[in-house]
Amino acid sequence: MKLIKLDAIDSTNEFLKGISTQPDLENFTVVTAENQTKGKGQMGAVWNSEVGKNLIMSVLVKDFLKDINEIFNLNIAVSLAVITALKKNNIPDLSIKWPNDILSANKKIGGILIENSIKSDGTILSIVGLGLNVNQTNFEGLPKASSLAVVTGKEFDKEKLLLDIITNLEMNVAESKLNPASLRQQFVDFLYKKDIPMPFANSKDEKFMGMIQGISTIGKLQVLLEDDSVAEFDIKEIQMLY
């Protein structure tokens, strides 16, 4: 694994994207930063991090996705890589809030942002961004956020966490090529609020009740509605109200 450490950068995803065209760049090359000035999350959300306290990283994944319909397989592989590393460190009550937030109990401790590009030969190159709240303890104004240090009362070695996550990711990518259904089921088993009645809002801000059942083969969220039908939603089509 090639590791590029930066003190400060606007975005590790953008930096890695800029060098990803180098033909000899190793698969699973990782870029980390102590400070990221323009970190972003899903749908343009801003992610702020205290300098030096958290794990800010991006990893290059290539030679994995063969088809646009397989893209969510990488979300699954990454999310489970993080969950497995955190379980090893005894982080309690872990779950995945679809599609790619990592929670401990009801608090968000990490978020994943994957950017895919289809090359001229049809292959898909992916930049996986991960922000994991590790040793930050001040989350003033962020009532739904927490960190490993807050939930356990101790500090963690960020580099050890990184190595664990990348090791797990490499194994998951290999496993997904052989048996994607197995990893998909593991992902479903970790879904936040699965099989529990929850309020949701759709893209028109209409409120409704439903129960998360699982995900489709392309990663859409499957929700059991009050009329006993199961509807599938894409990322911009549904929001859990909690």
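Residues numbered from 1 in each chain as written. Predicted model: local features only at pLDDT ≥ 70, side-chain atom pairs only at ≥ 80, totals over all residues. Heavy atoms only, no water.

> What's the story with the overall build of the protein chain in this structure? I'm lost.
The helix and strand inventory of the protein chain stands at five helices and 12 strands. The C-alpha atoms of the protein chain give a radius of gyration of 18 Å, which matches the 18 Å a tight globule of 242 residues would have. Summarising its shape, the C-alpha atoms of the protein chain cover approximately 55 × 45 × 35 Å along the three principal directions. When each of the 242 residues of the protein chain is scored for burial, the buried share is 50%. Considering only contacts within the protein chain whose residues lie at least 6 apart along the sequence, 60% involve residues at least 24 apart. (Helix = DSSP H or I, 4+ residues; strand = E, 2+ residues; numbered from the N terminus. Rg over C-alpha atoms; globule rule 2.2 N^0.38 Å. Buried < 20%, exposed > 50% of the residue type's maximum accessible area, 1.4 Å probe, protein only. Contact = heavy atoms within 4.5 Å.)

> I keep staring at the pairing of strand 11 (residues 230–233) and nothing clicks. Help me out?
Every regular strand shows the same layout, with side chains that alternate between the two sheet faces. With burial as the criterion, only one face of strand 11 is covered, namely that bearing A231 and F233; the residues V230 and E232 on the opposite face remain uncovered. Once strand 10 (residues 221–225) ends, the chain turns through four residues before running back antiparallel as strand 11, passing D228 with a positive phi of about 75 degrees. (Pairing = 2+ DSSP bridges.)

> What's the story with the environment of Q213 in this structure? I'm lost.
By the secondary structure assignment, Q213 is in strand 9 (residues 207–215). With a relative accessible area of 30%, Q213 lands in the partly exposed category. Put simply, Q213 and L148 are 65 residues apart on the chain and 28 Å apart in space, counted from C-alpha to C-alpha. Those residues in contact with Q213 that sit more than four places away from it in its chain are V188, K194, D195, Q222, V223 and L224.

> Can you walk me through the sheet that holds strand 1 (residues 3–9) in this structure?
Where strands meet in a sheet, backbone hydrogen bonds hold them as pairs that are either parallel or antiparallel. Within the open sheet, the seven strands sit side by side as 1-2-3-7-6-5-4. Their pairing is mixed. Two strands lie at the open edges of the sheet, namely strand 1 and strand 4 (94–97), each paired on one side alone. Going from strand to strand, the sheet's axes swing by 20 degrees on average, the running direction of each strand aside. Pairing of strand 2 (residues 30–36) with strand 3 (residues 55–61) involves three bridges; the strand directions are antiparallel. The residue bridging T32 from the neighbouring strand is M57, located in strand 3. Those strands touched by helix 1 (residues 12–19) are strand 1, strand 2, strand 3, strand 6 (107–118) and strand 7 (124–132), and its axis lies near 25 degrees from that of strand 3. Packed on one face of the sheet, helix 2 (residues 71–88) meets strand 3, strand 4, strand 5 (101–104), strand 6 and strand 7 and runs near 145 degrees to strand 6. (Axes fitted to C-alpha atoms, helices over the stretch in contact; angles between N-to-C directions.)

> Help me understand unusual backbone geometry, please; the structure alone is not making it clear to me.
The omega angle of the peptide bond from W98 to P99 is 5 degrees, so this bond is cis rather than trans. Relative to the helices and strands, P99 is located in the loop between strand 4 and strand 5. Of note, F28 is a non-glycine position whose phi angle comes to about 65 degrees, a positive value. Inspection of the secondary structure assignment puts F28 in the loop between helix 1 and strand 2. F28 sits in the buried class, given a relative accessible area of 9%.

> How do you make sense of the packing of helix 2 against helix 5 (residues 180–189) when you look at a structure like this?
The relative placement of two packed helices is expressed as an angle between their axes plus a distance between the axes. As a packed pair, helix 2 and helix 5 sit with axes 10 Å apart at the nearest point and diverge in direction by 60 degrees. As the angle between them shows, helix 2 and helix 5 are arranged oblique. Our pair here, helix 2 against helix 5, has a crossing hand that is left-handed. Seen from helix 2, the contacting residues are F72, N73, I76, S79 and L80; seen from helix 5, they are P180, L183, R184, Q186 and F187. For the contact of helix 2 with helix 5, the class distribution of residues is six nonpolar, three polar and one charged. (Parallel < 35°, antiparallel > 145°, perpendicular 65-115°, else oblique. Left-handed = near helix turned anticlockwise from the far one by under 90°. Nonpolar A, V, L, I, M, F, W, Y, C, P; charged D, E, K, R; others polar.)

> How should I be thinking about the environment of K97 in this particular structure?
Tracing the chain through its elements places K97 in strand 4. Assessed through its relative accessible area of 16%, K97 is described here as buried. A C-alpha to C-alpha distance of 9.5 Å links K97 and G111, two positions 14 residues apart in sequence. Those residues in contact with K97, other than ones at most four positions away along the chain, are L103, Y192 and Y242.

> Hey, could you run me through the nonpolar core in this one?
Where a protein is soluble and globular, its nonpolar side chains tend to be buried together. Formed by 57 residues in total, the largest nonpolar core has its most connected members in L86, L132, L148, L169 and I215. Tallying contributions element by element places helix 2 first for this core, with 11 residues. When near neighbours in sequence (up to four residues on either side) are disregarded, I215 contacts F72, I76, W98, R184, F187, V188, L191, K220, L221 and Q222. (Core = buried A, V, L, I, M, F, W, Y, C linked by side-chain atoms within 4.5 Å.)

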